[in-house]
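Read off the chains here:
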Amino acid sequence: MSRPTIAAVARAAGVSVASVSRVLNGLPATEEMAERVRRAVDELGYVPDARARSLKVGRTFQLTLAVADVGNPVYVTMMRAVEEVVSAAGYRLVVTTTGPEIVDEVALVRGMARGYADGLVISPLRVDDDLIKSIQECDVPVVVAGNVPAKAGVDTVRANSPKGMALAVEHLVSRGRRRIAFLNGPADTVPGEARAKGFADALRAHKLQAVAQVEAEDFTFAAGREGGRALLELGRGTVAHEVAARADRGAAAARPAFDAVIAANDLLAVGLMHELAAAGLDVPGDVALVGMDDSELAEQCFPPLTSVNLGSAERGRRAAELLLARIEDGERSPKRIIVHPSLSVRRST
(Lines give C-alpha, C1' and ligand atoms only; values in the text may rest on other atoms or scores of the structure.)
Protein backbone atom coordinates (compact mmCIF):
# COMPACT_ATOMS: atom_id res chain seq x y z
CA MET A 1 0.00 0.00 0.00
CA SER A 2 1.37 3.41 -0.95
CA ARG A 3 2.00 6.02 1.68
CA PRO A 4 -0.82 8.59 2.06
CA THR A 5 0.08 12.00 0.68
CA ILE A 6 -0.88 15.49 1.74
CA ALA A 7 -2.96 15.71 -1.46
CA ALA A 8 -4.94 12.64 -0.37
CA VAL A 9 -5.58 14.28 3.00
CA ALA A 10 -6.79 17.43 1.23
CA ARG A 11 -9.21 15.42 -0.95
CA ALA A 12 -10.56 13.47 2.04
CA ALA A 13 -11.05 16.65 4.04
CA GLY A 14 -12.52 18.60 1.12
CA VAL A 15 -10.01 21.41 1.48
CA SER A 16 -6.97 22.67 -0.40
CA VAL A 17 -3.44 21.33 0.06
CA ALA A 18 -2.47 24.77 1.40
CA SER A 19 -5.18 24.51 4.05
CA VAL A 20 -3.90 21.08 5.15
CA SER A 21 -0.37 22.50 5.37
CA ARG A 22 -1.60 25.39 7.52
CA VAL A 23 -3.30 23.07 9.98
CA LEU A 24 -0.36 20.64 10.17
CA ASN A 25 2.09 23.50 10.77
CA GLY A 26 -0.02 25.05 13.52
CA LEU A 27 -0.91 28.18 11.55
CA PRO A 28 -4.25 29.98 12.01
CA ALA A 29 -7.26 28.09 10.62
CA THR A 30 -10.94 27.82 11.45
CA GLU A 31 -11.86 25.18 14.01
CA GLU A 32 -14.16 23.50 11.49
CA MET A 33 -11.36 23.24 8.91
CA ALA A 34 -8.85 22.03 11.47
CA GLU A 35 -11.25 19.31 12.65
CA ARG A 36 -11.83 18.08 9.07
CA VAL A 37 -8.09 17.93 8.42
CA ARG A 38 -7.37 16.09 11.69
CA ARG A 39 -10.12 13.58 10.97
CA ALA A 40 -8.75 12.91 7.47
CA VAL A 41 -5.21 12.53 8.86
CA ASP A 42 -6.43 9.95 11.38
CA GLU A 43 -8.52 8.02 8.83
CA LEU A 44 -5.73 7.82 6.26
CA GLY A 45 -2.88 7.31 8.75
CA TYR A 46 -0.99 10.21 7.21
CA VAL A 47 2.51 10.92 8.61
CA PRO A 48 4.26 14.14 7.49
CA ASP A 49 7.49 13.61 5.55
CA ALA A 50 10.11 15.16 7.84
CA ARG A 51 12.76 15.14 5.12
CA ALA A 52 10.59 17.06 2.69
CA ARG A 53 9.58 19.50 5.39
CA SER A 54 13.24 20.08 6.31
CA LEU A 55 14.18 20.79 2.70
CA LYS A 56 11.27 23.18 2.29
CA VAL A 57 11.77 25.29 5.39
CA GLY A 58 15.54 24.89 5.71
CA ARG A 59 15.38 23.25 9.14
CA THR A 60 15.94 19.76 10.46
CA PHE A 61 13.63 20.26 13.47
CA GLN A 62 16.30 18.58 15.56
CA LEU A 63 18.28 20.17 18.39
CA THR A 64 21.37 18.83 20.14
CA LEU A 65 22.19 18.72 23.84
CA ALA A 66 25.88 18.03 24.54
CA VAL A 67 27.05 17.17 28.06
CA ALA A 68 30.24 15.79 29.53
CA ASP A 69 28.75 12.54 30.86
CA VAL A 70 25.25 11.28 30.00
CA GLY A 71 25.51 8.87 32.94
CA ASN A 72 25.63 11.70 35.49
CA PRO A 73 22.17 12.06 37.08
CA VAL A 74 22.34 15.85 36.99
CA TYR A 75 22.60 15.78 33.18
CA VAL A 76 19.68 13.36 32.97
CA THR A 77 17.57 15.89 34.87
CA MET A 78 18.75 18.67 32.58
CA MET A 79 18.03 16.54 29.49
CA ARG A 80 14.44 15.89 30.56
CA ALA A 81 13.83 19.61 31.06
CA VAL A 82 15.33 20.53 27.68
CA GLU A 83 13.35 17.80 25.93
CA GLU A 84 10.07 18.94 27.45
CA VAL A 85 10.55 22.48 26.14
CA VAL A 86 11.80 21.67 22.65
CA SER A 87 9.33 18.86 21.97
CA ALA A 88 6.48 21.24 22.75
CA ALA A 89 7.91 23.49 20.03
CA GLY A 90 7.98 20.65 17.50
CA TYR A 91 11.66 19.68 17.77
CA ARG A 92 13.31 16.35 18.43
CA LEU A 93 16.22 16.34 20.91
CA VAL A 94 19.46 14.51 20.14
CA VAL A 95 21.72 13.96 23.17
CA THR A 96 25.46 13.43 22.85
CA THR A 97 28.44 13.25 25.16
CA THR A 98 31.60 15.36 24.83
CA GLY A 99 33.74 13.77 27.50
CA PRO A 100 36.01 15.91 29.67
CA GLU A 101 38.45 17.20 27.03
CA ILE A 102 38.18 20.63 25.40
CA VAL A 103 39.35 19.30 22.04
CA ASP A 104 36.28 17.06 21.86
CA GLU A 105 33.98 19.92 22.87
CA VAL A 106 35.44 22.08 20.10
CA ALA A 107 35.13 19.27 17.55
CA LEU A 108 31.47 18.81 18.40
CA VAL A 109 30.68 22.52 18.03
CA ARG A 110 32.49 22.72 14.70
CA GLY A 111 30.72 19.54 13.58
CA MET A 112 27.39 21.34 13.79
CA ALA A 113 28.26 22.71 10.33
CA ARG A 114 27.24 19.30 8.94
CA GLY A 115 23.66 20.44 9.35
CA TYR A 116 22.19 17.60 11.39
CA ALA A 117 20.60 19.98 13.92
CA ASP A 118 19.24 23.50 14.04
CA GLY A 119 20.85 24.47 17.33
CA LEU A 120 22.96 23.33 20.26
CA VAL A 121 22.82 23.50 24.04
CA ILE A 122 26.25 22.62 25.40
CA SER A 123 27.30 22.17 29.02
CA PRO A 124 31.10 22.25 28.80
CA LEU A 125 33.25 20.86 31.59
CA ARG A 126 36.21 22.95 30.50
CA VAL A 127 36.31 26.25 28.62
CA ASP A 128 39.12 27.95 26.71
CA ASP A 129 39.50 30.50 23.92
CA ASP A 130 39.25 27.83 21.20
CA LEU A 131 35.89 26.65 22.50
CA ILE A 132 34.56 30.20 22.79
CA LYS A 133 35.73 30.99 19.26
CA SER A 134 34.08 27.85 17.87
CA ILE A 135 30.80 28.78 19.57
CA GLN A 136 30.95 32.34 18.24
CA GLU A 137 31.60 31.07 14.70
CA CYS A 138 29.15 28.16 14.80
CA ASP A 139 26.78 27.86 11.83
CA VAL A 140 23.80 27.28 14.13
CA PRO A 141 22.71 29.01 17.35
CA VAL A 142 24.47 27.84 20.53
CA VAL A 143 23.46 28.28 24.16
CA VAL A 144 25.95 27.48 26.92
CA ALA A 145 24.60 25.82 30.06
CA GLY A 146 27.59 26.85 32.11
CA ASN A 147 29.89 29.79 32.66
CA VAL A 148 31.77 31.61 29.93
CA PRO A 149 33.12 35.18 30.02
CA ALA A 150 30.57 37.92 29.33
CA LYS A 151 32.81 39.25 26.54
CA ALA A 152 32.11 36.04 24.60
CA GLY A 153 28.73 37.49 23.66
CA VAL A 154 26.78 34.21 23.75
CA ASP A 155 23.59 33.15 25.51
CA THR A 156 24.38 31.43 28.82
CA VAL A 157 22.52 29.88 31.74
CA ARG A 158 24.63 29.04 34.76
CA ALA A 159 24.37 27.88 38.34
CA ASN A 160 25.44 30.00 41.28
CA SER A 161 27.93 27.55 42.79
CA PRO A 162 29.49 30.03 45.25
CA LYS A 163 26.06 30.78 46.74
CA GLY A 164 25.35 27.04 46.88
CA MET A 165 28.58 26.43 48.75
CA ALA A 166 27.68 29.21 51.19
CA LEU A 167 24.36 27.47 51.91
CA ALA A 168 26.17 24.18 52.57
CA VAL A 169 28.71 25.69 54.95
CA GLU A 170 26.09 27.74 56.79
CA HIS A 171 23.98 24.60 57.27
CA LEU A 172 26.90 22.59 58.66
CA VAL A 173 27.90 25.38 61.04
CA SER A 174 24.31 25.58 62.28
CA ARG A 175 24.58 21.87 63.05
CA GLY A 176 27.65 22.51 65.18
CA ARG A 177 30.17 21.30 62.59
CA ARG A 178 33.23 23.50 62.29
CA ARG A 179 35.96 21.11 61.13
CA ILE A 180 34.90 20.99 57.49
CA ALA A 181 36.73 19.23 54.66
CA PHE A 182 36.17 19.48 50.92
CA LEU A 183 36.19 16.77 48.23
CA ASN A 184 36.37 18.56 44.89
CA GLY A 185 36.52 17.33 41.32
CA PRO A 186 39.23 18.54 38.93
CA ALA A 187 39.95 22.16 39.78
CA ASP A 188 40.67 23.08 36.15
CA THR A 189 37.02 22.54 35.23
CA VAL A 190 34.23 25.12 35.29
CA PRO A 191 32.41 23.54 38.27
CA GLY A 192 35.62 22.59 40.07
CA GLU A 193 36.98 26.13 39.97
CA ALA A 194 33.69 27.74 40.98
CA ARG A 195 33.08 25.36 43.89
CA ALA A 196 36.63 25.61 45.21
CA LYS A 197 36.37 29.40 45.30
CA GLY A 198 32.90 29.22 46.85
CA PHE A 199 34.15 26.84 49.56
CA ALA A 200 37.07 29.09 50.49
CA ASP A 201 34.87 32.20 50.56
CA ALA A 202 32.19 30.47 52.67
CA LEU A 203 34.71 29.27 55.26
CA ARG A 204 36.25 32.71 55.43
CA ALA A 205 32.83 34.23 56.11
CA HIS A 206 32.56 32.00 59.20
CA LYS A 207 36.21 32.58 60.21
CA LEU A 208 37.04 28.92 59.56
CA GLN A 209 39.84 27.14 57.75
CA ALA A 210 39.59 23.93 55.75
CA VAL A 211 40.71 20.90 57.74
CA ALA A 212 41.47 18.92 54.60
CA GLN A 213 40.94 19.25 50.83
CA VAL A 214 41.29 16.64 48.11
CA GLU A 215 40.93 17.06 44.36
CA ALA A 216 39.44 13.93 42.77
CA GLU A 217 40.37 12.95 39.22
CA ASP A 218 36.79 13.22 37.98
CA PHE A 219 33.22 13.91 39.12
CA THR A 220 32.28 10.21 39.20
CA PHE A 221 31.36 7.68 41.89
CA ALA A 222 34.65 5.81 41.39
CA ALA A 223 36.61 9.06 41.73
CA GLY A 224 34.63 9.77 44.90
CA ARG A 225 35.73 6.48 46.44
CA GLU A 226 39.35 7.08 45.52
CA GLY A 227 39.21 10.69 46.68
CA GLY A 228 37.45 9.55 49.84
CA ARG A 229 40.31 7.22 50.74
CA ALA A 230 42.78 10.06 50.18
CA LEU A 231 40.68 12.40 52.30
CA LEU A 232 40.55 9.90 55.16
CA GLU A 233 44.31 9.39 55.04
CA LEU A 234 44.85 13.13 55.04
CA GLY A 235 42.38 13.64 57.86
CA ARG A 236 43.87 10.91 60.00
CA GLY A 237 47.29 12.43 59.67
CA THR A 238 46.28 15.04 62.24
CA VAL A 239 43.92 12.96 64.37
CA ALA A 240 44.42 12.96 68.12
CA HIS A 241 41.65 10.67 69.34
CA GLU A 242 39.58 7.61 68.43
CA VAL A 243 35.93 6.71 68.68
CA ALA A 244 34.79 4.01 71.08
CA ALA A 245 34.64 0.46 69.77
CA ARG A 246 31.42 -0.33 67.92
CA ALA A 247 29.72 -3.43 69.21
CA ASP A 248 28.42 -4.41 65.79
CA ARG A 249 31.92 -4.25 64.30
CA GLY A 250 33.95 -5.31 67.27
CA ALA A 251 36.70 -2.85 66.40
CA ALA A 252 37.66 0.76 66.96
CA ALA A 253 37.50 3.24 64.09
CA ALA A 254 39.82 6.24 64.02
CA ARG A 255 37.86 9.46 63.84
CA PRO A 256 39.26 11.82 61.22
CA ALA A 257 40.23 15.39 61.97
CA PHE A 258 37.12 16.63 60.15
CA ASP A 259 33.54 16.33 61.38
CA ALA A 260 31.92 17.30 58.06
CA VAL A 261 32.66 17.08 54.34
CA ILE A 262 31.22 18.94 51.37
CA ALA A 263 31.57 17.10 48.06
CA ALA A 264 31.51 18.95 44.74
CA ASN A 265 28.69 16.76 43.42
CA ASP A 266 26.44 13.91 44.54
CA LEU A 267 28.43 11.19 42.79
CA LEU A 268 31.57 12.16 44.68
CA ALA A 269 29.56 12.37 47.90
CA VAL A 270 28.13 8.87 47.54
CA GLY A 271 31.55 7.46 46.69
CA LEU A 272 32.90 9.09 49.85
CA MET A 273 29.93 7.76 51.83
CA HIS A 274 30.97 4.20 50.89
CA GLU A 275 34.53 4.84 52.09
CA LEU A 276 33.32 6.30 55.38
CA ALA A 277 31.18 3.21 55.96
CA ALA A 278 34.10 0.92 55.07
CA ALA A 279 36.21 2.76 57.66
CA GLY A 280 33.57 2.18 60.35
CA LEU A 281 32.48 5.81 60.49
CA ASP A 282 28.87 6.83 60.90
CA VAL A 283 27.13 9.40 58.70
CA PRO A 284 26.14 11.79 60.18
CA GLY A 285 27.23 10.73 63.69
CA ASP A 286 30.96 10.94 63.02
CA VAL A 287 30.98 12.85 59.75
CA ALA A 288 28.18 14.96 58.31
CA LEU A 289 28.09 14.92 54.51
CA VAL A 290 26.73 17.39 51.95
CA GLY A 291 26.66 16.89 48.19
CA MET A 292 25.90 19.26 45.33
CA ASP A 293 23.37 18.95 42.47
CA ASP A 294 20.51 17.41 44.49
CA SER A 295 20.14 14.69 41.89
CA GLU A 296 17.87 11.64 42.21
CA LEU A 297 20.88 9.85 43.67
CA ALA A 298 20.71 12.03 46.78
CA GLU A 299 17.37 10.49 47.75
CA GLN A 300 18.33 6.96 46.70
CA CYS A 301 21.46 6.52 48.84
CA PHE A 302 21.50 5.63 52.55
CA PRO A 303 21.40 7.69 54.55
CA PRO A 304 19.67 10.10 52.15
CA LEU A 305 22.08 12.87 51.22
CA THR A 306 21.74 16.53 52.11
CA SER A 307 22.54 18.29 48.85
CA VAL A 308 22.64 21.73 47.26
CA ASN A 309 20.08 22.01 44.49
CA LEU A 310 21.78 23.98 41.72
CA GLY A 311 18.65 24.06 39.58
CA SER A 312 19.63 21.61 36.84
CA ALA A 313 16.04 21.29 35.61
CA GLU A 314 15.56 25.07 35.62
CA ARG A 315 18.87 25.57 33.83
CA GLY A 316 17.84 23.07 31.18
CA ARG A 317 14.47 24.71 30.71
CA ARG A 318 15.88 28.23 30.47
CA ALA A 319 18.65 27.12 28.09
CA ALA A 320 16.10 25.48 25.79
CA GLU A 321 13.95 28.61 25.81
CA LEU A 322 16.97 30.77 24.96
CA LEU A 323 17.89 28.46 22.08
CA LEU A 324 14.39 28.55 20.59
CA ALA A 325 14.35 32.34 20.89
CA ARG A 326 17.77 32.56 19.22
CA ILE A 327 16.61 30.34 16.33
CA GLU A 328 13.66 32.66 15.71
CA ASP A 329 15.68 35.87 16.10
CA GLY A 330 19.40 35.57 15.47
CA GLU A 331 19.96 39.29 16.00
CA ARG A 332 18.67 39.53 19.56
CA SER A 333 21.09 40.60 22.30
CA PRO A 334 22.78 37.74 24.21
CA LYS A 335 21.30 36.91 27.59
CA ARG A 336 23.13 35.73 30.70
CA ILE A 337 20.89 33.97 33.20
CA ILE A 338 21.88 32.86 36.71
CA VAL A 339 19.79 30.19 38.43
CA HIS A 340 19.97 30.46 42.21
CA PRO A 341 20.45 27.44 44.49
CA SER A 342 18.59 25.98 47.43
CA LEU A 343 19.46 23.38 50.05
CA SER A 344 17.66 20.03 50.37
CA VAL A 345 18.28 18.82 53.93
CA ARG A 346 18.25 15.05 54.51
CA ARG A 347 19.61 12.58 57.05
CA SER A 348 23.31 12.80 56.11
CA THR A 349 23.64 15.96 58.19
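Remember, it's a predicted structure, so these values are computed and weren't measured experimentally. (Residues numbered from 1 in each chain as written. Predicted model: local features only at pLDDT ≥ 70, side-chain atom pairs only at ≥ 80, totals over all residues. Heavy atoms only, no water.)

What to know about the overall build of the protein chain
Part 1: Secondary structure summary: the protein chain contains 13 helices and 12 strands in total.
Part 2: Taking 2.2 N^0.38 as the reference for a compact globule, 349 residues should give roughly 20 Å; the C-alpha atoms of the protein chain span a radius of gyration of 26 Å, well beyond that estimate.
Part 3: Its C-alpha atoms give the protein chain principal-axis dimensions of about 85 × 45 × 30 Å.
Part 4: When each of the 349 residues of the protein chain is scored for burial, the buried share is 49%.
Part 5: When contacts within the protein chain are restricted to residue pairs at least 6 apart in sequence, long-range pairs at least 24 apart make up 71% of them.
Part 6: When the accessible area of the protein chain is evaluated, it comes to approximately 16,700 Å², of which 51% is carbon and sulfur surface.
Part 7: Averaging the locations of the 42 positively and 44 negatively charged side chains of the protein chain gives two centres separated by 3 Å. (Helix = DSSP H or I, 4+ residues; strand = E, 2+ residues; numbered from the N terminus. Rg over C-alpha atoms; globule rule 2.2 N^0.38 Å. Buried < 20%, exposed > 50% of the residue type's maximum accessible area, 1.4 Å probe, protein only. Contact = heavy atoms within 4.5 Å. Areas by Shrake-Rupley, 256 points an atom, 1.4 Å probe, with all protein chains shown as cover. Lys, Arg positive; Asp, Glu negative; His and termini not counted. Charge placed at Lys NZ, Arg CZ, Asp CG, Glu CD.)

Quick notes on the pattern of salt bridges
Part 1: Within the structure shown, the criterion is met by 20 salt bridges.
Part 2: Taking the shortest distance from any N to any O, the salt bridge between Asp294 and Arg346 comes out at 2.9 Å. Of the two residues, Asp294 sits in the loop between β9 (288-292) and α12 (296-300) while Arg346 sits in the segment after β12 (342-344), which places them 52 residues apart along the sequence.
Part 3: By relative accessible area, which is 15% here, Asp294 ends up buried.
Part 4: Under the relative-accessibility criterion, Arg346 is labelled buried at 18%. (Salt bridge = Lys/Arg side-chain N within 4 Å of Asp/Glu carboxyl O.)

Some words on the side chain of Thr189
Part 1: For Thr189, the position within the fold is in the loop between β6 (180-184) and α9 (190-205).
Part 2: The buried category is assigned to Thr189, whose relative accessible area is 1%.
Part 3: Apart from the residues within four sequence positions on either side, Thr189 is in contact with Leu125, Arg126 and Phe219.

Describing the packing of aromatic side chains
Part 1: Within this structure, the stated rule accounts for two aromatic pairs.
Part 2: Considering the side-chain rings of Phe61 and Tyr91, the 5.5 Å spacing of their centres and the 35° angle between planes classify their relative orientation as tilted. Placement of Phe61 in the loop between α4 (50-57) and β1 (62-67) and of Tyr91 in the loop between α5 (73-88) and β2 (92-97) is noted, with a sequence separation of 30 residues between them.
Part 3: Exposure remark for Phe61: the relative accessible area of 15% places this residue in the buried category.
Part 4: Classification of Tyr91 as buried rests on a relative accessible area of 7%.
Part 5: Between Phe182 and Phe199, the aromatic rings sit 4.7 Å apart at their centres with planes inclined by 20°, giving stacked as the arrangement. Within this pair, whereas Phe182 is found in strand β6, its partner Phe199 is found in helix α9, the two being separated by 17 residues in sequence.
Part 6: Since its relative accessible area comes to 1%, Phe182 is described here as buried.
Part 7: Residue classification places Phe199 among the buried residues on the basis of a relative accessible area of 1%. (Phe/Tyr/Trp six-rings, centres within 6.5 Å; stacked < 30°, edge-to-face > 60°.)

Structural notes on the confidence of the model for the protein chain
Part 1: When the pLDDT values of the protein chain are averaged, the result is 89; 90% of them are 70 or greater.
Part 2: Confidence over residues 238-252 falls short of pLDDT 50; this stretch has 22 contacts with residues more than four positions distant or in other chains. (pLDDT = per-residue confidence, 0-100.)

Considering the pairing of strand β10 (residues 306-309)
Part 1: Strand direction decides the pairing type here: β9 and β10, joined by three bridges, are parallel. Considered in β10, the bridge of Gly291 is made with Ser307. (Pairing = 2+ DSSP bridges.)

Notes on the packing of helix α6 (residues 102-111) against helix α7 (residues 129-136)
Relative placement of two packed helices is described by the angle separating their axes and the distance separating the axes.
Part 1: With their axes 9 Å apart at the nearest point, α6 and α7 run at an angle of 10° to one another. Relative to α7, the element α6 lies roughly parallel. Along the contact surface, α6 presents Ile102, Glu105, Val106, Val109 and Arg110, while α7 presents Asp130, Leu131, Ser134 and Ile135.
Part 2: When grouped by side-chain class, the residues that make up the contact of α6 with α7 number five nonpolar, one polar and three charged. (Axes fitted to C-alpha atoms, helices over the stretch in contact; angles between N-to-C directions. Parallel < 35°, antiparallel > 145°, perpendicular 65-115°, else oblique. Nonpolar A, V, L, I, M, F, W, Y, C, P; charged D, E, K, R; others polar.)

Considerations on unusual backbone geometry
Part 1: For the bond running from Val283 to Pro284, omega is 10°, close enough to zero to count as cis.
Part 2: Take Pro284: it is sitting in the loop between α11 (266-278) and β9.
Part 3: Following Phe302, the chain continues to Pro303 via a peptide bond in cis, the omega torsion being -5°.
Part 4: Even without glycine at this site, Lys207 takes up a positive phi of about 55°.
Part 5: Accessibility expressed as a relative area gives 75% for Lys207, which makes it exposed.
Part 6: Although it is not a glycine, Asp293 sits at a positive phi angle of roughly 120°.
Part 7: Mapped onto the elements of the fold, Asp293 is located in the loop between β9 and α12.

A short note on the sheet that holds strand β7 (residues 213-215)
Part 1: One open sheet holds the six strands; their spatial order is β7-β6-β8-β9-β10-β12, and the pairing between them is mixed. With one partner strand each, in any of the chains shown, β7 and β12 form the two edges of the open sheet. This sheet shows a mean twist of 20° between the axes of neighbouring strands, independent of strand direction.
Part 2: Pairing between β10 and β12: three bridges, direction antiparallel. In the strand pairing of β12, Asn309 is matched with Ser342.
Part 3: Contacts from helix α8 (residues 161-174) reach β6, β8 (260-263), β9, β10 and β12, with the element oriented near 165° to β9.
Part 4: Contacting β6, β7, β8 and β9, α9 runs over the sheet at an angle of about 170° to β6.

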